[in-house]
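Coordinate inspection notes
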Amino acid sequence: MTTTSDRVVVIEHLTKRFGEFTAVEDLSLTVHRGQILGFIGPNGAGKTTTISVLVGLARPTSGSASIAGADCSRETHRIKQLVGYMPDVFGSYDNMRVREYLDFFGAAYGIARTERRKRIQEVLEITNAEWMQDRFVESLSHGMKQRIGIARTLLHDPEVVILDEPANGLDPSARIEMREILLRLAENGKTLIVTSHILPELARICNQVAIITHGRLRAAGTLEEIMARVSQERTIEIQLSSGAPLEEAVRLVTDFSGNPDAVHPSEAESMVRLRTNRSEEDLGSLLKTLVSGGVPVTQFREVAADLEDAFLSVTATPVSD
Amino acid sequence: MGAILERELLSLFRTRRAFAIQAGVAVACLILVALRWPQGAQVDLAGMRSREVFILFGYALLSAVVLLVPSFPASSIVRERQQRTLVLLLHSPLSSSAVYFGKLAATLGFVVVLIFLTVPAAAACHAMGGISLTGQLLPLYAVMLVLAVQLGALGLWVSSHARTPDSAMRITYGAVLVLVLFTMIPHFFLQGTQSSAATGAFWLRFVSPIPAVMELLGHRDIGQRTAGGAEYPVATYLVSAVLMTVVLAVLTTRRLSFRMFDAPRSQGLVTDQRSLLQRVFRRFAFLVDPQRRKSEIGPWTNPVMIKEFRSRQFGRLHWLLRLVSACAVISLALTWATTLGSADWGVETIGGIIVVMQMALIVLITPGLAAGLISGELESGGWKLLRMTPMSAGVILRGKLLSVSWTMLLILLATLPGYLVMVWINPLVSEQVRQVVISLVLTAVFSIVLSTTVSSFFRRTSAATVASYVVLLVICAGTLLFWLGRDAPFGHATVEGALKINPLAAALSVIRTPGFAIYRLIPANWWILGTLTVLLLLLLSLRIRILMAPD
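Since the model is a prediction, treat every value here as computed from it, not as a measurement.

Further remarks concern the sheet that holds strand β4 (residues 62–67) of chain A. All names here are of chain A. Read across the sheet, four strands follow the order β2-β1-β4-β5 without closing on themselves; strand pairing throughout is antiparallel. Whereas interior strands pair on both sides, the edge strands pair on one side only; in this sheet they are β2 (21–32) and β5 (70–71). When strand β1 (residues 7–18) meets β2, the two strands line up antiparallel, connected through eight bridges. Along β2, the bridge assignment pairs V9 with V31. The strands touched by helix α1 (residues 47–54) within the sheet are β1, β2 and β4, with β1 carrying the most contacts at an inclination of about 120°.

Given below as structure tokens:
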């Protein structure tokens with residue numbers, strides 16, 4: 001059970017307009033302590049604008065946002081201490097080694113010299129980047145830079161860490177490393193807000209998801225809650241043996257479903273996919289019908305809906321005025 | 001080559017910079033002719049007025065080509081390299097020479113358009129009479145075209161070696177300044193003496209287009225204090241320019257290959273990991289070893305200032321120390337030579353050399369250091385990170401200004417020993433030296449604040465660097481055009497008025513350098529610079545507050 005004091009990030013009826021253009025409209029969202037919020041949406045949905053308001057880089061047109069009780073537009077000095085923000089652009093400096101780079105930001109945050117030295121060592125350990133400390137920042141690969149970006153974000157030990165597209169452009173192994181780092185941070189009690197286009201990555205680490213399109217929040221909650229809300233139908237895959245009579249299988253499945261649009265045959269895969277909200281018992285009877293009808297079924301399985309399905313389902317629905 | 005030329009011209013003419021340049025040139029020509037067009041129904045049969053307009057027109061054209069043309073080729077190759085489009089070009093069936101000449105032709109195309117914009121003004125000069133079409137007007141255009149190709153070749157060569165567009169801009173403008181102005185300085189001081197150095201200096205100045213242009217405008221040789229001069233300054237310049245262009249073209253074409261990209265990433269080796277022998281050697285070679293592991297930023301130190309010292313590409317400490325040492329040695333050597341009587345120069349001449357040297361350093365180095373202070377952060381995304389730190393706008397601005405101020409102070413101090421020896425030789429000049437030092441300090445402060453303010457208005461360091469150089473050069477070199485026309489068309493009062501804004505001229509007048517001693521520019525110049533500095537500082541503070549404020 002969560003209490004009010006657990007609510008670390010609170011956004012209430014946030015609207016941000018740039019002239020005629022509305023980037024974010026009436027957005028309300030809450031993130032609790034220790035949670036990882038996956039903030040997803042297509043390009044131009046308003047994710048970065050929302051984050052800019054949260055970190056004090058932009059003022060809301062109306063509504064409010066606060067982090068750990070500090071108002072994001074009025075108490076920007078406190079926000080800077082409470083939040084560690086990694087923008088989508090790295091922001092490197094030429095001729096600077098990783099340790100010098102972190103040292104500069106540590107000093108900019110007013111961390112005392114001895115404490116800073118210790119803290120740099122800690123954040124390099126957290127991000128598995130100790131071996132990079134003498135490398136020049138501009139010579140690092142994208143994945144390495146992302147790790148240093150997170151290390152920089154953690155320097156002043158913020159309560160909330162906001163990462164804008166941290167997995168963007170990373171290869172699979174770097175993505176796995178990034179995922180592990182983020183999970184480690186959550187274990188250490190940090191509250192994380194992560195935006196990403198790579199939805200399977202988010203699905204693996206987030207315990208809260210918020211989907212935003214055209215500046216409006218379309219769905220928010222745990223992954224399971226969103227799935228339940230956006231996907232009432234299940235997808236059943238019926239795999240046939242090669243050379244099996246596909247037409248007969250399609251006929252039987254369509255008779256069962258009563259809706260030809262819900263049946264999707266694939267001759268290349270020898271497979272029939274069915275979208276349905278029928279019960280387990282009904283599905284059992286369908287399998288029985290297929291087998292008794294002479295259709296050689298090799299697999300009959302439910303495809304688990306994922307974040308990608310939820311995202312596509314939400315974004316496909318037109319925005320109501 | 002055609003494809004490259006078309007693309008280059010399209011992207012060049014689409015820039016706001018190109019439009020501003022063309023509009024500026026057209027308006028300047030219009031004003032020039034309108035101001036000098038004969039009034040009333042009187043006809044000037046001697047063509048005096050026409051020649052005066054032509055002189056102004058010629059110098060304005062020269063300034064426009066020298067100041068505006070290098071910025072396009074200087075960023076051309078390095079920007080393509082950064083954007084990875086150079087790899088695509090080199091991977092295409094186009095030869096490296098086709099790529100090179102396409103880019104060079106685009107520069108020339110731009111200049112041709114600029115020249116067409118000046119044709120009405122030139123035609124007006126010719127219509128007023130007194131100007132020879134084949135003897136003056138057409139050769140002037142020929143010199144301008146050759147100069148444009150020469151500067152284009154120089155810019156492309158620098159661009160093929162530079163790592164970033166802004167460093168390419170700095171190096172190119174530095175090289176242009178050396179080519180156009182510095183090549184004439186040795187002759188100015190050595191003329192009248194009989195030595196191989198004097199002969200070398202005599203020929204060296206023809207590398208610059210200025211003597212050729214002066215010849216065509218009927219001004220004879222620049223800086224010439226005694227009679228005599230080259231028989232064919234125009235032809236000499238054209239030959240030297242063509243030779244230089246060919247050499248640069250060959251070098252750049254050879255450079256345009258995949259070898260440009262064939263370099264490993266730095267592994268970040270620090271001096272502390274090297275052997276004792278290597279560490280000792282580096283200590284002597286660098287004085288301040290750039291590869292050593294640095295300690296943490298200390299308390300009571302502005303972190304932004306330290307960050308600037310550590311991250312700047314241009315003006316890193318080990319190079320500055322070498323520069324400072326060279327300045328100190330040169331200024332002492334010059335003064336020493338006079339003391340021993342081995343050089344037949346007065347204290348004024350020595351002072352003039354030192355002043356020119358210091359001013360050149362200020363004008364060359366300051367935009368390189370300060371023009372990227374804000375624009376560099378905006379370009380790299382660092383500004384967003386700075387805004388996220390608890391540092392105030394004042395701390396950030398102070399750190400940035402201090403990082404350049406300390407450097408400039410170091411450079412100014414380097415030449416002070418020369419002045420001290422001068423005062424020791426002739427104590428009567430102590431007041432002049434004091435005034436020169438004030439002028440230099442004011443110039444340095446003004447240049448820093450000007451370049452930083454310009455930087456706050458741009459999101460690209462290369463554009464900010466060019467804008468800063470152009471403004472500073474207009475002030476320090478552009479106003480000298482009035483001095484060049486000091487007998488005609490400009491009178492004493494006009495020249496003095498124009499030079500009052502020029503700190504170089506002010507310092508030269510104080511030190512009684514021949515040609516400048518007759519003008520009274522101090523303290524008016526101090527007031528002008530001081531007022532401009534304060535105004536710019538206010539504007540800069542406002543810009544920083546705007547940039548720091550939430551969107």
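The structure having been displayed, the exposition proceeds.
The next subject is the confidence of the model for chain B. The predicted coordinates of low-pLDDT regions are not to be read in fine detail. Residue and element names in this part refer to chain B. Across chain B, the average pLDDT comes to 82, with 90% of residues at 70 or higher. Per-element mean pLDDT across chain B ranges from 72 in helix α15 (residues 317–340) up to 94 in helix α25 (residues 524–548). In this model, residues 222–228 is a region of pLDDT below 50 whose contacts with residues beyond four sequence positions or in other chains number 14 contacts. With a pTM of 0.75, the predicted complex shows an ipTM of 0.75.

Here we take up helix α4 (residues 71–82) of chain B. Residues and elements named next belong to chain B. The terminal C-alpha atoms of α4, which comprises twelve residues, lie 17 Å apart, in line with the 16 Å expected from a rise of 1.5 Å per residue. Counted residue by residue, α4 has ten buried out of twelve residues, so it is predominantly covered. Of all the residues in α4, the buried ones are S71, F72, P73, A74, S75, S76, I77, V78, R79 and E80. Where α4 ends, the next residue or the one after it, R84, has phi of about 70°, a positive value.

Quick look at the pairing of β4(A) now. All names here are of chain A. Both β1 and β4 contribute to a ladder of five bridges, which runs antiparallel. Paired with E12 across the two strands is S64, which belongs to β4. Here two bridges tie β4 to β5, and the two strands are oriented antiparallel to one another. In the sheet register, I67 faces β5, and the bridge partner there is A70.

Rules behind the numbers
- Residues numbered from 1 in each chain as written.
- Chains lettered and ligands numbered in written order.
- Predicted model: local features only at pLDDT ≥ 70, side-chain atom pairs only at ≥ 80, totals over all residues.
- Heavy atoms only, no water.
- Pairing = 2+ DSSP bridges.
- Helix = DSSP H or I, 4+ residues; strand = E, 2+ residues; numbered from the N terminus.
- Contact = heavy atoms within 4.5 Å.
- Axes fitted to C-alpha atoms, helices over the stretch in contact; angles between N-to-C directions.
- pLDDT = per-residue confidence, 0-100.
- Expected span 1.5 Å × (residues − 1).
- Buried < 20%, exposed > 50% of the residue type's maximum accessible area, 1.4 Å probe, protein only.

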